[in-house]
Amino acid sequence: MLQGQAMSAPSTNVRSAFHVMAKPAGASCNLACKYCYYLGKESLYPGSRLRMTEEVLQAYIEQLLASQEGPEVSVSWQGGEPTLMGLDFFKRSVELVKKHRRQGQRVAYTIQTNGTRLDDEWCAFFKQHNFLVGLSMDGPPEMHDTYRVDRGGHGSYEQVRRGWEFLQKHEVDTNMLCAVHAGNASHPLAVYRFFRDDLRARFLQFIPVVERLMPETHWPMGESWTESAGGARGLRAQRGDLVSRRSVGSDQFGTFLIGVFEEWVHHDIGTVFVQTFDSALASWCGLPANVCVFQETCGGSLVLEHNGDLYSCDHFVEPGHRLGNILVTPMIELVTSSRQQQFGLDKRDRLPACCRACDVRFACHGECPRNHFPSDAGGGTSDAGEDALNYLCAGYKLFFHHVDRPMRIMADLLRQGRAPAEMMWM
């Protein structure tokens, strides 16, 4: 998903406080990344072509624009791989926005893509309509190709690199989304310097891969729910106390973030923007985090499947979190339903006691509920009515404690009306 977008939490003014990521091709993808949490969602729609119809597209655009009271609305596309819809689909979406937006309403377009299908025509379109593109890439070739493979098992680096070059040629605003996993987590400097020095990327997101497994899906060779001997993919649900061998370790993820931070804080403040660091600085300044996983409550970032089904969250696209269908019930009614509001409040209300008393709760807020599960690999048990400790807790504590002093200094600089980058010369 595109994580650089600010995701708002449930509030009393919920009409202007939600974000929808639409998946026009559902779980369809031309790649078969080994850690992908979404490919198995195709089993929710057996026999479907997994393509958004004109009827659903019109309903999505019209209802989204009508439901937002604020002056700016984000029209967001994700997958699977959304470019499988073809460029004409997105041209039509822009036409519909022009038809339905209110006077003075500004629309920002975002799309998350694996980049393998991009060319001059796609990127000229993105530039023309000021799209913010999220490009998935996991570092240098040998790290990227570890798990980001096509359906034949071949690495995708060269195709993604070509897509990046088209984006740069057309000067398209681009965020790099790097999954952190067993294949790259031990090499924070190599990953960061690759993006900064080789690609000359300036906006980076590092997302931890945590694949939860049930005992019956924990195969001997470390495959997860995305793989089986017969090649079938099952529905991914947020259950299980085991993790795959591809998953990043908790301390390992914290150490990765620290390694990147030390390079960034000495050389790149103000020139390279790392989402986790930006969010942390906001917290040290007493401001809300700009990423849903670090906000006190959640539920303000929903997912629209190709057929109009609306789900509570990108990581909870499963039957128990299907709110309804926008062709049957207006989007705003589903978003403001007591069920969805409770989903968002549960993040805060079900935090274990150790989280509530934690000295870095203000920056973390328990991270994402999907990672709360008891596990020998990181999580812990909890009292009745509480979630388990977050699997990544130890790693986040390492990171937030490590950055406390520099974050305090940068926050003080900002309060004085000075640039945080001045810290590099102190």
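Provided above is the structure to which this section pertains.
Residues numbered from 1 in each chain as written. Predicted model: local features only at pLDDT ≥ 70, side-chain atom pairs only at ≥ 80, totals over all residues. Heavy atoms only, no water.

(A) Focus on helix H6 (residues 188-198). Within the span of H6, buried status applies to Pro 188, Val 191, Tyr 192, Phe 194, Phe 195 and Arg 196. Each element contacted by the buried residues of H6 is listed here: helix H4 (141-147), helix H5 (157-169), strand S5 (174-180), strand S6 (203-208), helix H7 (250-267) and strand S9 (273-274). Phi for Arg 200, located one or two positions after H6, is positive at around 60°. (Buried < 20%, exposed > 50% of the residue type's maximum accessible area, 1.4 Å probe, protein only. Helix = DSSP H or I, 4+ residues; strand = E, 2+ residues; numbered from the N terminus. Contact = heavy atoms within 4.5 Å.)

(B) Molecular detail of the pairing of strand S2 (residues 72-77). The buried count for S2 comes to five of six residues, which makes it a mostly enclosed element. Sheet topology places strand S1 (residues 19-22) next to S2; two bridges connect them, and they run parallel. Looking across to S2, one finds that Ala 22 is bridged to Trp 77. Handedness of the S1-helix H1 (residues 54-67)-S2 crossover: right-handed. (Pairing = 2+ DSSP bridges. Right-handed = clockwise from strand over helix to strand, strands pointing away.)

(C) Looking closely at the side chain of Thr 116. Mapped onto the fold, Thr 116 is located in the loop between strand S3 (106-113) and helix H3 (120-128). On the basis of relative accessible area, Thr 116 is assigned to the buried category, the value being 12%. A polar side-chain atom of Thr 116 sits 2.8 Å from a polar atom in the side chain of Asn 30. Here the side chain of Thr 116 touches Asn 114 through a polar contact of 2.8 Å, side chain to side chain. Among all residues touching Thr 116, those that are not within four sequence positions of it are Asn 30, Leu 31, Gln 159, Val 160 and Arg 162. (Polar contact = N/O pair within 3.5 Å; in protein donor to acceptor, adjacent residues only side chain to side chain.)

(D) Representation of the nonpolar core within the structure. Core analysis: the biggest nonpolar cluster contains 104 residues, and Tyr 60, Trp 77, Phe 126, Phe 195, Phe 206, Trp 264 and Phe 400 have the highest contact counts within it. With nine residues, the single largest contributor to this core is helix H13 (residues 393-415). One finds Leu 31, Cys 33, Leu 50 and Tyr 311 within the second-largest nonpolar core, a separate group that totals 13 residues. (Core = buried A, V, L, I, M, F, W, Y, C linked by side-chain atoms within 4.5 Å.)

(E) Up close: the sheet that holds S5. The strand order S9-S6-S5-S4-S3-S2-S1-S10-S11-S12 describes an open sheet built from 10 strands, whose pairing is mixed. A single partner strand is all that each edge strand has here, and the edge strands are S9 and strand S12 (322-325). Relative to strand S10 (residues 301-304), S1 runs parallel, the two sharing four bridges. Bridge pairing in S10 places His 19 opposite Ser 301. On top of the sheet, H7 reaches S5, S6 and S9; it is set at about 165° to S6, its chief contact. (Axes fitted to C-alpha atoms, helices over the stretch in contact; angles between N-to-C directions.)

(F) Structural detail: the packing of aromatic side chains. Going through the model one piece at a time under the given rule, you end up with 30 aromatic pairs. Centroid distance Trp 122 to Phe 126: 5.8 Å. Interplanar angle 40°. Geometry classified as tilted. Remark: Phe 126 and Trp 122 occur in helix H3; sequence separation between them is four residues, near one turn of the helix. For the pair Trp 122 and Phe 126, a shared accessibility class is recorded, and that class is buried. A connected cluster of aromatic rings, assembled from ring pairs, spans Phe 253, Phe 261, Trp 264, Phe 277, Trp 284, Phe 294, Phe 362, Tyr 396, Phe 399 and Phe 400. (Phe/Tyr/Trp six-rings, centres within 6.5 Å; stacked < 30°, edge-to-face > 60°.)

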